[in-house]
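Breakdown of the fold
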Amino acid sequence: MKKLLSGLFLFAIMAMFAPVYAGTHGTNGEVTGKSIGAGLLSLLIWPGIGQTVNNQSYEKNVTHAVLGLTGIFRIWSCYDAVVDRQGGVWKNRI
């Protein structure tokens, strides 16, 4: 039992730091009043609106709007809009 709990604890610690090594696959812009408002729009109204406010590409706007059908993507879209992130994964769409 101790080995199992120790293994799970070690796995949890490793998983906690995994995103740090993965990177964001894009470059963050400035956090401004406009980007905070864009993030709120993406979170409260619909993902993709914040990217439109931040003048992102059409493909990124549409991808965020379609993936907004999943509830969890609203949080990512909000973060993406607040930091005004340029680029990303999947041909700079996410």
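Refer to the structure printed above.
These figures come from a predicted structure and were not determined experimentally.

Parameters and conventions
Residues numbered from 1 in each chain as written. Predicted model: local features only at pLDDT ≥ 70, side-chain atom pairs only at ≥ 80, totals over all residues. Heavy atoms only, no water. Buried < 20%, exposed > 50% of the residue type's maximum accessible area, 1.4 Å probe, protein only. Helix = DSSP H or I, 4+ residues; strand = E, 2+ residues; numbered from the N terminus. Arc of directions from axis to C-beta. Contact = heavy atoms within 4.5 Å. Polar contact = N/O pair within 3.5 Å; in protein donor to acceptor, adjacent residues only side chain to side chain.

**Thoughts on unusual backbone geometry**
Positive phi, close to 60°, is recorded for Asn 55, a residue that is not glycine. The class of Asn 55 is exposed, set by a relative accessible area of 61%.

**A few points about helix α4 (residues 58–67)**
Of all the positions in α4, only Lys 60, Asn 61, Thr 63 and His 64 are classed as buried. The buried side chains of α4 occupy one side of the element, clustering within an arc of 165° when seen end-on. Its buried side turned inward, α4 meets α3 (49–53), α5 (73–82), β2 (86–87) and α6 (89–92).

**Some remarks on the side chain of Lys 60**
Following the sequence through the fold, Lys 60 ends up in helix α4. Within the local environment of Lys 60, its side chain forms a polar contact with the backbone oxygen of Gly 87, the two atoms lying 3.1 Å apart. Ignoring any residue separated from it by four or fewer positions in sequence, one finds Lys 60 in contact with Gln 51, Asp 80, Arg 85, Gly 87, Asn 92 and Arg 93.

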